[in-house]
Amino acid sequence: PLTLEEVRMLVELFYLPYHHGALAQELLELFRWLRANSLSVGVPATAPDACGGTRWRGRAQSFRLLCARTCRLHSRLVSTAGRALLYDLHPYLWDIRNLLLAASAFVLWLGCQSITAPMLLGRDAEPWARRGGLFGELQALLPVGNSCDLFYHPPPLFPSSQLYILRPLLPLDKVGAMAWRGILPEPLPQLSSPLAGRLLGSFLSLSPEYTFVLEDEGGPCGYAAGALHAEGFLQQRDSSWLPAIRHKYPPDLGAGGAALGQEAVLFFHAEPLAVPQPVLRRFPSLVQLGTAPRVLDIGASRSLALCLLSALRANGSRGVFCQVSDADRQQLSFYSKLG
């Protein structure tokens, strides 16, 4: 059964609509402070204000630990609570878990930035655009907090106790050795393979600072990648990245191999479709997301999208677009479910 400490956490997260328990109050205060003081993160360790960066990182660690405790509480509730209690409480805890997954990864992303731009927040949302309670206040603190469509999804009919970790792509990641098995439909995929290069290569080479990784107990199971200035990104991709990758994977390399590998090699040698200028003017950033077939919880995918869009918005993006083949029903369905 749930422990007394876990029950206390549950009560403090959903205490009263405008009066939070101690845990919820600590989450809010830490997130507000971290967002307001994120410019101190990039201060070198030898600078006079280096203690500011150290303090920020200590509080960021405390915030991420609180988020992890809340995610574990969701998993424990699904595993141990009676069905009647679970179906009453699950929608609320599922919402909070998804939001805290994104908030925790966003804070970790802020800590990875050598220069963090001031966050650009939109105009105040109408009162009906946000819920009350802890969820609404956390939503307001994310740079995309006014985009209410991103935050409203029905919970799954069959709750899952699967624990997830969402984080930015870190410098410690060994690109060639990351086990992306399950995300990429290839027998033993590595990020250095042609298919992985087709999906993520240009983002990893040209815009790694906007790449996020979703992990479960089996390892990486999802990704979100973006380019803040899509026009410059696409020009650089076509002028430098594509010629290098075409040299690495000549057209005859995929002959006789697996169909997916051959398709990926031929993809590099096809001329990419140009993005119309009106699209680039209105939606200056490019995004791409994907999850493994085993990720059935749309909440985890939603957290990926929230985190990537928050990072882009924090650095000034006014809108995003994605490129999907009209024949790729799987990706079309994935983005449609995200809203």
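Provided above is the structure to which this section pertains.
Residues numbered from 1 in each chain as written. Predicted model: local features only at pLDDT ≥ 70, side-chain atom pairs only at ≥ 80, totals over all residues. Heavy atoms only, no water.

K.L.:
Mind laying out the packing of aromatic side chains, listing which residues take part and the relevant values?
P.N.:
Following the criterion strictly, the structure yields six aromatic pairs and no others. Ring geometry for Phe31 against Phe63: centres 5.2 Å apart, planes inclined by 25°, an arrangement best described as stacked. Of this pair, Phe31 sits in helix α2 (residues 22-36) while Phe63 sits in helix α3 (residues 50-80), and the two are 32 residues apart along the sequence. There is no split in this pair, since Phe31 and Phe63 are both buried. Measuring from ring centre to ring centre gives 5.8 Å for Phe106 and Trp109, while their planes differ by 20°; the resulting arrangement is stacked. Taken as a pair, Phe106 and Trp109 lie in helix α4 (residues 83-112) at a separation of three residues, close to a single helical turn. By relative accessible area, Phe106 is classed as buried at 0%. For Trp109, a relative accessible area of 1% translates into the label buried. The ring centre of Trp33 lies 4.4 Å from the NZ or CZ of Arg59, which sits over that ring. (Phe/Tyr/Trp six-rings, centres within 6.5 Å; stacked < 30°, edge-to-face > 60°. Helix = DSSP H or I, 4+ residues; strand = E, 2+ residues; numbered from the N terminus. Buried < 20%, exposed > 50% of the residue type's maximum accessible area, 1.4 Å probe, protein only. Lys NZ or Arg CZ within 6 Å of the ring centre and 35° of its normal.)

K.L.:
How would you summarise the nonpolar core if you had to cite specific residues and measurements?
P.N.:
The biggest cluster of nonpolar side chains holds 67 residues, and the ones touching the most others in it are Phe31, Phe63, Phe212 and Leu289. In terms of residue count, the dominant contributor to this core is α4 (13 residues). Lining this core are residues from two domains, each supplying at least three of them: domain 1 (1-150) and domain 2 (162-338). The residues contacting Phe31, other than those within four sequence positions of it, are Phe63, Ala103, Phe106, Val107, Leu138, Leu141 and Leu142. (Core = buried A, V, L, I, M, F, W, Y, C linked by side-chain atoms within 4.5 Å. Domains from an automatic or database assignment. Contact = heavy atoms within 4.5 Å.)

So far we have only geometry, and geometry alone does not tell us how the molecule works.
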